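# Per-entry structural report
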Amino acid sequence: MKSSSSAIQLRSPGSDSDCPAQAYEQSIVIPNRFIIADSIEKKEHSWFVSSQIPTDLSIQVQDVTFNVHKYPLVSKCGYIGRLELQPSISKFGYDVKLENFPGGPDIFEIILKFCYGLPIDFSPENITPLRCAAEFLDMSEEYEDGNLISKTESFLTLVILSSWKATITVLKSCETLSPWAENLQIVRRCCDSIAWKASRENSTNGDIVNEEGWWFDDVATLQIDHFTRIITAIKVKGEKAEVIVKCIMHYAKKSLPGMEVELEGLRGYGYGKNELQFSILNAGKEERGVGHKEQRMIIESLVSILPPQQEAVSCKFFLQMLKMAIVYSASPALIAELEKRVGMMLEEANVNDLLIPNYKNEDQGKPYNSLERHTMHNTDVVQRIVEYFLMHEHQQQQMQQKFGKTNVSKILDSYLAEIARDPNLSITKFQVLAESLPDNARTCHDGLYRAIDTYLKSHPSVPEHERKRLCKIMNCEKLSLDACTHAAQNDRLPLRTVVQVLFSEQVKMRTAMTRGENSEQDENQSSTSVEIKNLKVELENVKTRMTELQADYSELQQEYEKLSNKQKIITGWSSGWRKIKGSFHSKVDPDETGDRQQRPNSTSVRTSFRRRRSIA
């Protein structure tokens, strides 16, 4: 154990350092146990140590001054001992100003109590600034065993990192203690501990709920750089990509207000819907105190940690992040990356998600004024998304003869029908977007016809030649019979288009009638062939039964011949016996006569029964 006494070499304030003969040094050894502090009291902006020995050191931390004894601090703080204390013109002996002290005056007060031997309490809220302040003052084991550095390290390792909630609290406290917390590896240890606890399948910690997503709310309260480090550590530990994406989506909803606000076109909403979205965004920014630059950093960081698996992230989330990236002027490379990933899964998109508002680049967060000649929706982004989709389809070799994703054409036609209501949408933009898909992409042009009709209805001043140019992108032969019937009576269409529709309608009616007749003939032919097959089967069954009946008939005939021969012999004997009995004039018993009559009758019954059973 090191001695608690301090030996300090002091130069007398009245000595002349330029005259060695008159200079003298005075060595004073004062044990710390003789300086007993009852308490630390605050008076206005200064703190005073209550002790019988007067204080001789003034330490300033930010705008608070601490009047203390130098010996308790020098014995435990290497930083204070290395300072060249200069005489002060104040009533105190020396002045020290601690610049950029971790934790500020509150933490320095706790350190003073520790130096004077007063009781202090460690907690998740103060352990990080205490550890950083101890490192700042060099309170290591070199100056005293059990100094503040070792005590705070033990508390961090044994108490904090074993608790989920305490680790989250400590990591939050590190946000204002950079770079000290980073250099002391406090942030790394906390992130690793959180990642390990979050990635465990079966938790045994008492303050952890054992279900998927139990840790989302806690990590969503952290700043973005700590969150990305945790997600990266969880990836390394082999967590499922779906779980990681859910956590990222949860964090995005918490940190990017207004992200889930959807635009539903111009059906009764007008431009107020767009303004409503940004009122939510601006209110969220004011509430959280997050500036434009911080929001942009959050978006870029979240996109960078998304898993590369295409099936893990939904197209809806990519489109939401794309909207936020456009609002907060993210880098062009990030916007292009989001557009590319949306294009790779465009068939899963929703029309409302594609309604991306158009914003000014010079005034972020505000929509275009409705009085200006600008469209409400950003059609250029959607066009680039479609181009990325076509490039992906071509790379996958899915567009050889038939378009692979027919759902994309339906989504695009529905999107065209939504933006067609915009009065500022030019016919050129509408046509370019409608023609962005190849000819074989649409098997039916009903959706395209509805979009064109909506545009012409919302833009009644379009000249005739522009109407003809717009209707050329529609193939009348790919319209359904109902669509042809509606288009034939549509006075907004050019006359040439109406004639093409009528001709196509007649062709479809003839084709439908021909198909109906052919289907009836096919049905008749199919029914006739089935009947012939059934008759052949029945005929074979009848032949088999006839063969069996002929065999039974032959057997019955042979048995009958045998029985008829026996009957002749019995009849001869019975007639002779009657003559003999008659000669003796004896009466015949009725029962005997009945027995004789029953025998042949029973034989005939058996014969007839056997014949009926054979026939059956």
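Residues numbered from 1 in each chain as written. Predicted model: local features only at pLDDT ≥ 70, side-chain atom pairs only at ≥ 80, totals over all residues. Heavy atoms only, no water.

## Quick word on the environment of Val170
With respect to the element layout, Val170 can be found in helix 6 (residues 164–173). Between the C-alpha atom of Val170 and that of Pro124, which follows or precedes it by 46 residues, the distance is 5.5 Å. (Helix = DSSP H or I, 4+ residues; strand = E, 2+ residues; numbered from the N terminus.)

## Things to note about helix 15 (residues 332–344)
The end-to-end C-alpha separation of helix 15 is 18 Å, in line with the 18 Å expected for 13 residues at 1.5 Å each. Burial in helix 15 covers these residues: Leu334, Ile335, Leu338, Glu339, Arg341, Val342 and Gly343. In the core, the buried residues of helix 15 are packed alongside helix 13 (292–304), helix 14 (315–327) and helix 17 (379–395). (Expected span 1.5 Å × (residues − 1). Buried < 20%, exposed > 50% of the residue type's maximum accessible area, 1.4 Å probe, protein only. Contact = heavy atoms within 4.5 Å.)

## Let's talk about the pattern of salt bridges
Considering all chains together, one arrives at 15 salt bridges under this definition. Of the charged contacts, one joins Glu135 and Arg131 as a salt bridge, the two residues approaching to 2.9 Å between their closest N and O atoms. Of this pair, Glu135 and Arg131 both sit in helix 4 (residues 127–137), four residues apart, roughly one helical turn. Since its relative accessible area comes to 7%, Arg131 is described here as buried. Notably, a salt bridge pairs Asp192 with Arg188, separated by 3.3 Å at the nearest N-O pair. Taken as a pair, Asp192 and Arg188 lie in helix 8 (residues 186–199) at a separation of four residues, close to a single helical turn. Residue classification places Asp192 among the partly exposed positions, given a relative accessible area of 34%. The network of salt bridges with shared partners includes Arg131, Glu135, Glu153 and Arg189. (Salt bridge = Lys/Arg side-chain N within 4 Å of Asp/Glu carboxyl O.)

## Considerations on the nonpolar core
Among the nonpolar cores identified, the biggest contains 116 residues, and Trp215, Phe227, Leu302 and Met321 are the most heavily contacted of them. Looking at this core element by element, the count peaks at 10 residues for helix 14. Contacts of Phe227, omitting those with residues within four sequence positions, involve Val219, Cys247, Ile248, Tyr251, Leu302 and Ile305. Listed in part, the 30 residues of the second largest apolar core include Val68, Leu98, Ile107 and Phe114. (Core = buried A, V, L, I, M, F, W, Y, C linked by side-chain atoms within 4.5 Å.)

## Some details on the pairing of strand 5 (residues 57–61)
Where a strand is regular, its side chains alternate between the two sheet faces. Burial within strand 5 is extensive, with four of its five residues counted as buried. Sheet topology places strand 5 next to strand 6 (residues 64–68); five bridges connect them, and they run antiparallel. Residue pairing across strands places Leu57 opposite Val68, the latter belonging to strand 6. In this antiparallel pair of consecutive strands, strand 5 and strand 6, the connection spans two residues, and Gln62 shows a positive phi of 55 degrees. (Pairing = 2+ DSSP bridges.)

## Some points on helix 13
Between its first and last C-alpha, helix 13 extends 19 Å over 13 residues, near the 18 Å set by a 1.5 Å rise per residue. Those residues of helix 13 that sit buried are Gln295, Ile298, Ile299, Ser301, Leu302 and Val303.

## Here's the deal with the packing of helix 14 against helix 15
Look at helix 14 against helix 15: their axes get within 9 Å of each other, and the N-to-C directions meet at 155 degrees. In terms of their interaxial angle, helix 14 and helix 15 are classed as roughly antiparallel. Crossing geometry of helix 14 relative to helix 15 is assigned as left-handed. Facing helix 14, whose interface residues are Cys315, Phe318, Leu319, Met321, Leu322, Ala325 and Ile326, helix 15 presents Ile335, Leu338, Glu339, Arg341 and Val342. Looking at side-chain class alone, the contact of helix 14 with helix 15 contains 10 nonpolar, no polar and two charged residues. (Axes fitted to C-alpha atoms, helices over the stretch in contact; angles between N-to-C directions. Parallel < 35°, antiparallel > 145°, perpendicular 65-115°, else oblique. Left-handed = near helix turned anticlockwise from the far one by under 90°. Nonpolar A, V, L, I, M, F, W, Y, C, P; charged D, E, K, R; others polar.)

## Section: the environment of Leu334
Mapped onto the secondary structure, Leu334 falls in helix 15. Each C-alpha atom, one on Leu334 and one on Ile299, is 9.3 Å from the other, the two residues being 35 residues apart in sequence. Those residues in contact with Leu334 that lie beyond four places of it in its chain are Ile299, Glu300 and Val303.

## A few points about the packing of aromatic side chains
Evaluated as defined, the whole model comprises 10 aromatic pairs. Geometrically, the ring pair formed by Phe101 and Phe108 is edge-to-face, given 5.5 Å between the ring centres and 85 degrees between the ring planes. Under the relative-accessibility criterion, Phe108 is labelled buried at 1%. Geometrically, the ring pair formed by Trp215 and Phe216 is edge-to-face, given 4.9 Å between the ring centres and 80 degrees between the ring planes. You'll find Trp215 and Phe216 in the same group, each marked buried. Directly above the aromatic system of Phe114 lies the positively charged group of Lys76, at a separation of 4.6 Å from the ring centroid. (Phe/Tyr/Trp six-rings, centres within 6.5 Å; stacked < 30°, edge-to-face > 60°. Lys NZ or Arg CZ within 6 Å of the ring centre and 35° of its normal.)

## Observations regarding unusual backbone geometry
Excluding glycine, a negative phi dihedral is what most residues carry, and trans is how most peptide bonds are arranged. With an omega of 5 degrees, the peptide bond running from Ser178 to Pro179 counts as cis. Structurally, Pro179 can be placed in the loop between helix 6 and helix 7 (180–183). Of note, Ser329 is a non-glycine position whose phi angle comes to about 55 degrees, a positive value.

## Brief notes about the confidence of the model for the protein chain
On average, the protein chain scores 76 in pLDDT, and the residues at 70 or more come to 69%. Throughout residues 283–289 the model reports pLDDT below 50, and contacts reaching past four residues in sequence, or to other chains, amount to seven contacts. Segment residues 585–616: pLDDT under 50, and 14 contacts once partners within four positions in sequence are set aside and those in other chains are kept. (pLDDT = per-residue confidence, 0-100.)

## Details of a nonpolar patch on the surface
Together, Val542, Met546 and Leu549 make up a nonpolar patch on the protein surface, roughly 240 Å² of accessible area in all. Checked against the element boundaries, Val542 lands in helix 23 (residues 495–583). (Patch = residues over 30% accessible without salt bridge, like charges linked within 9 Å, V, L, I, M, F, W, Y side chains within 5 Å. Areas by Shrake-Rupley, 256 points an atom, 1.4 Å probe, with all protein chains shown as cover.)

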